[in-house]
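Residue-level listing of the chains:
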Amino acid sequence: MTDTSRNGLIERMNSGFAALAGVCFDYRWGVAGICLLVFLGAGHFAEQIEIDASYETYFYEGDTTFLAYEAYREDFGSDEVSYIGYELPGVEHGPWNVAAMEALIALTEALEDEVPFIYDVTTLANAELTIGTEDGIEVSKIKNDWPLTQAELLERREAYLGKPMLVGGIIDADADFGAIIIDMDLSSTDSPEMIQAPIEQRMVPDDPWHLENLYPQVTEAKIEEILARAEYDDYVFYHSGDVPLNAYYNRIILTEPDFLQSIMLAVISVILLLAFRNLVSVIAPALVLTLTITVTIAMMWLIDFKIGLGFSKTPTLLMAIGVAHSVHVLSEFSTRLKVTGDRRESLVGTMSLVGVPCLLTSVTTAVGFASMSFVPIKSIAQGAMADSFGVLMAFVFSMTLLMSLLSIDWLWLWRRVFSGPDSSAGRVATPSNPTAWIPMSRILDWVTNFNIRHRNALIVGFGGFMVVFAFGAARVEVDSNWLDDFWDSSPIYQTIVRVDDEMGGATNIIYLFDSGRDDGIKDPAVLREIERVQMEADKDDWLVRKSYSIVDIVKDLNQSFHGNDPAYYRIPDTREEVAQYLLLYESSGGEEAEEYVSSDYRHANLELRLRIGRTAWTEGLADRLAASLEKEPLEASDITLTGIGALWLVLMDYIMSSNIQGFTIAFSVITLMMIAIFRSFRIGVISMVPNLAPVLLAMGAMGWFDITLDYNKVSIAAIALGISVDDTIHLMTRFHHEFGVHQNYRKALRAALSDVGRALIITSVALVLGFLVLMFSELRSQGLYGVLLSGALLTALIADFFFMPALVLWLEPFGPEGKGLREAGEFEVREAA
C-alpha cells in the first residue's frame, strides 16, 4: 500500500467517524434511547450471573491434573472443610475441663443438627478412641460415655495424647488448644440447585437465590451463629478452612466491585470536573462507563462465564481505560466548541480527528487483554476475553452514547423546561476553557524544549533505566502464598495465622495410592509402601505439620489388640490380620477409616497437612519425595500426587508460561499493528520501544523488591503494554500528522504536544489514580496490583513525553526535513536553549 493509498484509507475512516458524529447529533434522542434499552436488557441478564471463587475456576475440565483431582473426589468426596481452632483462656484444664467438655458435646451436636451441607463433624467429644479388650477392641467416644468426672476426663486426656493420629489434628501436644473439623458434603462448584439451602435453613427467607442462602455462605453463617451463642462464651474460636475462605471471597466478588466502582467514579468525576469545568463532561462519561460494565457482565452470562475473584479488578480496569476515550473527545470538542459555537460542527470535526486514534487504541488495548485468553488458566483466560470485550464496548459507546449526550445543549434545555419557551438565550453554551485551571501549555512547552535540548541525555538515561529494571525483571520468581492475598490487619488473616501457628496444616497435598485390585490396600506390602512415603514426608516436620493415612488406623488397631503395647504400633505381618482388624473396627462402630480408603479398598490416600507458606516449599517437598521414589520405586502400588496443593503446583507452571506467552503475543501483535498503522517498520518499532519501559518498571520492581509473580499478577505485563501503547498512538499519530504539515520535527513535536498533550496528562492521571483505587480493596493482592500498574502507567506517560520524542528527533523516521525548514528547526533549538 502506497502512502497515498494509506492516507486515502485514513481519510475515509476519518470521514466515516465524522459522519457517525453527524448521525448521533441528528438522531441524538434515538441513539440515547437505544442505549437505554441496551442497558435495561443487559441489566436483566447481568443480574443472573453466578459467582464462583473456588480454585476449580482456574482449571479447564480437560486438564489432566484437574481430572486426577476429580477422580480422587469420586472416591473420597468433597475435601472442603471448616477448621475451627479454640482455646479457653483462664479455664482450669482448658478443653479438658468438665464444664467445657459438656459445652463441647452440645456444640458438636448443634453443628451436626443445624448446619446445612455438612458430612461429618469431628471434635474431642466424638473422636474415636480405640481400646483393646479381652474380646477384641472397643471404639469409644467421650460423648457416648458422658457424664465423666474431672479425674476420668483427665485420664481420657492422657489416652488421647497417646494416639499419634489425634495429636496435631484435634488437640495440640500441650492439650490446651483444640480443633473442630467439619467435613463438607458439597463443593463450591456443585450445581446451583445442589447448593441452595433448604427453606428452613435459609438466611434470607424471601429470596431463595440470595448469596447468603447458597453454599458455602449459608454454611459459614450458621456456624458463626452457633459459635456466638452465650453457652460457649468461655471459648475463643478461630474459624478457618475452605468454607470461611470461599464465603469471604464470594462476598468480596459480590460487593467489592460496586464499592471500588463507586470510588473510581468519584475520582474520575473530580478529575473531569477540574479539567472541563462542567457537569455534562462528568455525567456523560459516567453513563458510558456504567453501560460498558453492564453489557460486559451480560455478555459473560450469555456465554456461561462465572464471576471469579479476578473480576473485582474488571470494573476498575474498564472504567480507567474507558474514560480515556471520553477525555480525548471532550478535550477536542470543548476547544472546537469555544471557537465555533456550533455543536454539530464541533462534534463532526472532533470525530474526524480523534475517531481513528481512539479506534486504534481500543484495538491495541483489547489485544493486550485478549493475549491472555490463550493461557491454560481458565479464570484468567475468561477474564481476559471479558476485559477485551469490555474495552471494545467502551469504544462503541464512546462513539455513540457520548456523542448523543454531547449533542444536547443541556443548559438551554434546562432553561427551556424551567423558564419557558421564550428563554432561548444561551442556546449555544460555551464551556470554560478546558484545563485552564493549570498552566498546561507552559508545561508542554517545557517538555518540548527539554526534548530538543537534551535529546541524547534522555535516550541514554532511559536506556540505563531499562537495563537496570531488565535485570530486576530477570530476578522475578514465580511463586504463590494465598495468605498474601490478605492485609495483615484483616481478621481473617489473623485467624488463619493463629490456627496455623498452633495446629498447622491449613493447606495440603494428597498422594493417591492405587493397589490395582479390590481389597488390595489390605495387603501389608501396599501398606508398607504408604508408610514409607508417609515417613519420608514426616522428616520435614517444619513444613509437614500432620499426616494422615489408613496406615495410622491399622497400626493403632494392631497396638490395641496387643494390650496397647507400643511395640505393636506397626503394620501386621499378614493380610489376614489386617482384614480381621478392619472388620472388627467397622463392626465396633469405627467410621474414620472411610476418609482414607475407598469403599472397595482399592485406593487409599495419604494426606499431608502443610504449614501455610510459599508454593515453592510445597514444590520442594514434592520434588524430594519424587526423588526418593525414583531411587526406590514402589512395586505393590501406583502413586499419584493430587489435592489442592498439587493443583497450585501445576498453576505455578501455568503462570510462568502464561506470563511469557501473553506478553509475547501482545507485544508481537501490537508491534505489527503499529507497523501497519504507520506503514513503516521504523516508525512501528520506534513507537514500541518506549512501551517497554512501563513493562520493565512493573516486572523489575517485582524483582528488586522480592514480589513474586503469582496468579494475581500473571497478566500485568500484557495489560501494562496494552494500556500504555494508547498514549503512544495518540501522540505518534499527531506527531506524524504535524510533520506532514510543518515538515520540521521540532515544530511538529511542539504542535503535537500542544494538541494532545493535555488529554494525555488527564487520561494518565485518571488511569494512575483509578488503579490506585484498588488499594481500598479488602485484598492486599489487589492493592499491590493497583500500585504496580499505576507505577507502570506513570512511567508510560514519562516515556511518551521524554523518550519517544527524543528517539524520533534522533532517528527522524518520518523522512528528511527540507533545507530551509531544517535551518528553521536549528534556530528553534538555539531559541529553546
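Since the structure is predicted, the reported quantities are computational estimates derived from the model, not experimental observations. (Residues numbered from 1 in each chain as written. Predicted model: local features only at pLDDT ≥ 70, side-chain atom pairs only at ≥ 80, totals over all residues. Heavy atoms only, no water.)

(A) Region of interest: the overall build of the chain. Per the secondary structure count, the chain includes 28 helices and 10 strands. Considered along the principal axes of its C-alpha atoms, the chain spans approximately 110 × 65 × 50 Å. A total of 833 residues make up the chain; the buried ones form 58% of that total. In the chain, of all internal contacts separated by at least 6 residues, the share reaching a separation of at least 24 is 79%. As presented, the chain carries roughly 33,700 Å² of accessible surface, and 58% of it is formed by carbon and sulfur atoms. For the chain, the distance from the average site of its 57 positive side-chain charges to the average site of its 110 negative ones is 16 Å. (Helix = DSSP H or I, 4+ residues; strand = E, 2+ residues; numbered from the N terminus. Buried < 20%, exposed > 50% of the residue type's maximum accessible area, 1.4 Å probe, protein only. Contact = heavy atoms within 4.5 Å. Areas by Shrake-Rupley, 256 points an atom, 1.4 Å probe, with all protein chains shown as cover. Lys, Arg positive; Asp, Glu negative; His and termini not counted. Charge placed at Lys NZ, Arg CZ, Asp CG, Glu CD.)

(B) Here's a closer look at the packing of aromatic side chains. Going through the model one piece at a time under the given rule, you end up with 25 aromatic pairs. One aromatic cluster is present, built from ring pairs that chain together Phe462, Phe465, Phe469 and Phe803. One cation-aromatic arrangement involves arginine 28 over phenylalanine 25; the distance from NZ or CZ to the ring centre is 4.7 Å. Lying over the aromatic face of tyrosine 601, lysine 522 brings its terminal NZ or CZ to 4.6 Å of the ring centre. (Phe/Tyr/Trp six-rings, centres within 6.5 Å; stacked < 30°, edge-to-face > 60°. Lys NZ or Arg CZ within 6 Å of the ring centre and 35° of its normal.)

(C) Representation of the sheet that holds strand S2 (residues 118-122) within the structure. Spatial strand order, S2-S5-S1-S6: 4 strands in an open sheet with antiparallel pairing. The open sheet terminates on both sides in strands that have one partner only, identified here as S2 and strand S6 (236-241). Each adjacent strand pair in this sheet contributes to an overall mean axis angle of 20 degrees, direction not counted. Across 6 bridges, the pairing between strand S1 (residues 81-87) and strand S5 (residues 178-184) is antiparallel. Residue pairing in the sheet places isoleucine 84 in a bridge with isoleucine 180 of S5. Docked against the sheet, helix H7 (residues 217-227) engages S1, S5 and S6, running at close to 170 degrees with respect to S6. Of the strands in this sheet, S1 and S6 touch helix H16 (residues 491-502), which is tilted by about 95 degrees from S6. (Pairing = 2+ DSSP bridges. Axes fitted to C-alpha atoms, helices over the stretch in contact; angles between N-to-C directions.)

(D) Focus on the nonpolar core. Grouped together as the largest cluster of nonpolar side chains are 174 residues, with contacts concentrated most on Met403, Phe486, Leu651, Phe771, Leu789 and Phe801. Those residues in contact with methionine 403 that lie beyond four places of it in its chain are Ala21, Cys24, Val329, Leu347, Met351 and Ser398. Counting residues in each nonpolar core, the second largest holds 52 residues, with Tyr83, Tyr86, Leu104 and Leu166 among its members. (Core = buried A, V, L, I, M, F, W, Y, C linked by side-chain atoms within 4.5 Å.)

(E) Structural context of the sheet that holds strand S9 (residues 603-610). In spatial order, the strands read S8-S9-S7-S10; together these 4 strands make up an open sheet with antiparallel pairing. A single partner strand is all that each edge strand has here, and the edge strands are strand S8 (544-548) and strand S10 (638-642). Within this sheet the neighbouring strands show an average axis-to-axis angle of 20 degrees, counted without direction. The pairing of S8 with S9 spans 4 bridges and is antiparallel. Its bridge partner being in S9, lysine 546 is matched across the sheet by arginine 609.

(F) Here's a closer look at helix H25 (residues 745-772). Maximal helix bending in H25 amounts to about 50 degrees, located at valine 756. With respect to burial, H25 is a largely interior element, 20 of its 28 residues being buried. At the N-terminal end of H25, a side-chain oxygen is found 3.0 Å from the backbone nitrogen of arginine 746, two or three residues along, and the residue is asparagine 744. (Bend = angle between axes of the 7 residues up to and from the residue. Polar contact = N/O pair within 3.5 Å; in protein donor to acceptor, adjacent residues only side chain to side chain.)

(G) Region of the structure containing the state of the cysteines. Inspection of every chain in the model, using the stated rule, returns 0 disulfides. You can see cysteine 35 has no disulfide; the closest cysteine sulfur is in cysteine 24, sitting 8.2 Å from it. Among the residues examined, cysteine 35 registers a relative accessible area of 7% and is labelled buried. (Disulfide = S-S within 2.5 Å.)

(H) Structural view of the side chain of serine 547. Mapped onto the fold, serine 547 is located in strand S8. Within the structure, the side chain of serine 547 is placed 3.0 Å from the side chain of glutamine 534, a separation counted as a polar contact. In this structure the side chain of serine 547 is engaged in a polar contact, spanning 3.0 Å, whose partner is the side chain of aspartate 538. Residue contacts for serine 547: discarding those within four places in its chain leaves Gln534, Asp538, Asp552, Leu606, Glu607 and Leu608.

(I) Representation of helix H22 (residues 681-688) in the model. Along H22, the residues that are buried comprise Ile683, Gly684, Ile686, Ser687 and Met688. If you check the start of H22, you find a side-chain oxygen 3.4 Å away from the backbone N of arginine 682, and it comes from serine 680.

(J) Here's a closer look at the pattern of salt bridges. Throughout the structure, instances matching the rule amount to 30 salt bridges. The salt bridge involving glutamate 477 is made with arginine 614; its shortest N-O contact spans 2.7 Å. Residue glutamate 477 is found in the loop between helix H15 (455-474) and H16, and its partner arginine 614 is found in the loop between S9 and helix H20 (615-631); the two are separated by 137 residues along the sequence. Across the pair lysine 555 and glutamate 531 runs a salt bridge, and its minimum N-O distance is 3.2 Å. In this pair, lysine 555 is assigned in helix H18 (residues 550-561) and glutamate 531 in helix H17 (residues 524-538), connecting sequence segments 24 residues apart. Residue classification places glutamate 531 among the buried residues on the basis of a relative accessible area of 18%. One salt-bridge network, held together by shared partners, links Glu114, Lys222, Glu225 and Arg229. (Salt bridge = Lys/Arg side-chain N within 4 Å of Asp/Glu carboxyl O.)

(K) Spatial organisation of unusual backbone geometry. Along the chain, tryptophan 146 connects to proline 147 via a cis peptide bond; the corresponding omega equals 10 degrees. Here proline 147 is to be found in the loop between helix H5 (142-145) and helix H6 (150-161). Cis peptide bonds are those with omega within 30 degrees of zero, and the linkage from tyrosine 215 to proline 216 qualifies with 5 degrees. Positionally, proline 216 belongs in the loop between S5 and H7. A positive phi angle is found at glutamine 743, which is not glycine, with a value near 55 degrees. Counting through the fold element by element, glutamine 743 comes out in the loop between helix H24 (716-742) and H25. Of note in the backbone geometry, glutamate 812 takes a positive phi value of approximately 50 degrees without being a glycine. Mapped onto the elements, glutamate 812 comes out in the loop between helix H27 (804-811) and helix H28 (819-832).

All we've got here are geometric facts, nothing functional implied.
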